[in-house]
Amino acid sequence: MDGLLGEEGSNRPARSGRRWIVDPIDGTRDFIRGNQLWAILLGLEEQDRVVAGAVYLPVLDRLFWAARGEGAYEGDRRLHVSSISTVAESVICFNNLVGAAREEYAERVVPWIGNFWSSRALGGALDAMMLAAGQVEVWVEPKVAPWDLAGPSIILEEAGACFFDLQGRNSIYGGSAAACVPALEGEVKRFLQLA
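Details of the overall build of the chain
And step 1. Broken down by element type, the chain carries six helices and 13 strands.
And step 2. Relative to the compact-globule value of 16 Å for 195 residues, the chain shows a C-alpha radius of gyration of 16 Å, a close match.
And step 3. Reported as C-alpha extents along the three principal axes, the dimensions of the chain are approximately 50 × 35 × 35 Å.
And step 4. Sorting the 195 residues of the chain into buried and exposed places 49% on the buried side.

Concerning the nonpolar core
And step 1. Ranked by internal contacts, the top residues of the largest apolar core, which has 60 residues, are Val 55, Phe 94, Leu 131, Val 138, Trp 139, Ile 155 and Leu 156.
And step 2. It is helix 4 (residues 124-132) that provides the largest number of residues to this core, a total of seven residues.

Examining the sheet that holds strand 11 (residues 138-141)
And step 1. Here we have five strands laid out as an open sheet, ordered 10-9-11-13-12, and mixed in their pairing. Each end of this open sheet is capped by a strand with a single partner; those strands are strand 10 (118-120) and strand 12 (162-164). Neighbour-to-neighbour, the strand axes of the sheet open up by a mean angle of 15°, direction not taken into account.
And step 2. Two strands pair when backbone bridges link them, and strand 11 and strand 13 (residues 177-180) are joined in this way by four bridges, in the antiparallel orientation. Residue Trp 139 lies in a different strand from strand 13, and its bridge partner there is Ala 179.
And step 3. This element, helix 3 (residues 106-113), spans strand 9 (91-94), strand 10 and strand 11 of the sheet and lies at about 155° to strand 9.
And step 4. Of the strands in this sheet, strand 11, strand 12 and strand 13 are in contact with helix 5 (residues 146-158), which crosses strand 12 at around 150°.

Quick notes on the pairing of strand 11
Side chains on a regular strand alternate between the two faces of the sheet.
And step 1. Residues Val 138 and Val 140 point to one face of strand 11 and Trp 139 and Glu 141 to the other, with burial holding for every one of them.
And step 2. As paired strands, strand 9 and strand 11 are joined by three bridges and run parallel to one another. Its bridge partner lying in strand 11, Phe 94 is registered against Val 140.

Here's the deal with the environment of Asp 148
And step 1. Along the polypeptide, Asp 148 turns up in helix 5.
And step 2. With a relative accessible area of 18%, Asp 148 lands in the buried category.
And step 3. Non-local contacts of Asp 148, meaning those with residues more than four positions away in its chain, are made with Asp 23, Asp 26 and Leu 41.

Observations concerning helix 3
And step 1. Turning to helix 3, its buried residues are Val 109, Trp 112 and Ile 113. Taken end-on, helix 3 shows its buried residues confined to a sector of 85°, consistent with a single buried face. Away from the buried face of helix 3 by more than 90 degrees, exposed residues Glu 107, Val 110 and Pro 111 are located.
And step 2. Along its buried surface, helix 3 packs onto strand 9, helix 2 (97-100), strand 10, strand 11 and helix 6 (185-191).

Side note on helix 5
And step 1. Across its 13 residues, helix 5 extends 18 Å between first and last C-alpha, which sits within 8% of the 18 Å expected from 1.5 Å per residue.
And step 2. A maximum bend of about 30° is found in helix 5 at Pro 152.
And step 3. Of all 13 residues making up helix 5, twelve are buried, and the element is well covered by its neighbours.
And step 4. Taken as a whole, helix 5 has its buried residues at Pro 146, Trp 147, Asp 148, Leu 149, Ala 150, Gly 151, Pro 152, Ser 153, Ile 154, Ile 155, Leu 156 and Glu 158.
And step 5. Two residues or fewer past helix 5, Gly 160 is found with a positive phi of approximately 105°.

What counts, and where the lines are drawn
- Each residue is numbered by its place in its chain's sequence as written, counting from 1.
- Per-residue local features of the predicted model are confined to residues with pLDDT of at least 70, and side-chain atom pairs are confined, for both listing and counting, to 80 or more; whole-chain, interface and lining totals are unaffected and use all residues.
- As a rule here, side-chain values cover all heavy atoms of the structure and leave hydrogens and water aside.
- Each helix is a run of DSSP H or I of at least 4 residues and each strand a run of E of at least 2, with the numbering of both proceeding from the N terminus.
- In this description the radius of gyration comes from C-alpha coordinates, and the expected globular size is given by 2.2 Å times residues to the power 0.38.
- Only protein chains enter the calculation, and the probe is 1.4 Å; a residue is then buried if its accessible area is under 20% of its type maximum, exposed if over 50%, and partly exposed in between.
- In plain words, nonpolar cores are sets of buried Ala, Val, Leu, Ile, Met, Phe, Trp, Tyr and Cys residues tied together by side-chain atoms within 4.5 Å.
- What makes two strands pair is DSSP finding at least two bridges between them.
- Interaxial angle, 0 to 180 degrees, is taken between N-to-C directions of lines fitted to C-alpha atoms, where a helix line uses only the stretch in contact.
- Note on definitions: a residue-residue contact is assigned when non-hydrogen atoms from the two residues lie within 4.5 Å.
- This arc is built from the directions going out from the helix axis to the C-beta atoms.
- To estimate the expected span of a helix, count its residues, drop one, and scale the result by 1.5 Å.
- Note on bend: at a given residue it equals the angle between the axes fitted to the 7 residues ending there and to the 7 starting there.

Interpretation in functional terms is not warranted from these geometric data alone.
Structure, rendered in structure tokens:
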């Protein structure tokens, strides 16, 4: 039997080696306030590795999906991260600045973001999908749960992004996340003091 992990309290162990990771409403505050940016997130973990995922933004009717080794897509359009390689030309999505204000890197956040061409913070799932689609180059989430990351993480990786938590591990279980185009991995890790 497949396992299940979900934001709403589901945590059934897997007997099959496969576990579905679900967030039925990612962006609860957006949903409650009638904002159209909330999403439904789904990931499939096999032997402790995410192998497939989907992100659906119902109000916008946008479906993103990926399977390990098969690429990332929005509908039937293949996704690729952008080829931009400099911070000065890049867009950064740095979410949860309220939470970031309590982190050890808080005093460095605004000066660092000031080096980018532009910044956005629309919400975790949409920002991550904008990176996968080549519309932004860096995405940082200081506080996040596995169900927020299972679907988006594989879509990002299959679109060519580097994905890691704020400790530098490729894991959806670190409580944080960052993703970027390959050319900016060193820059992001330097900011996080990982490199």
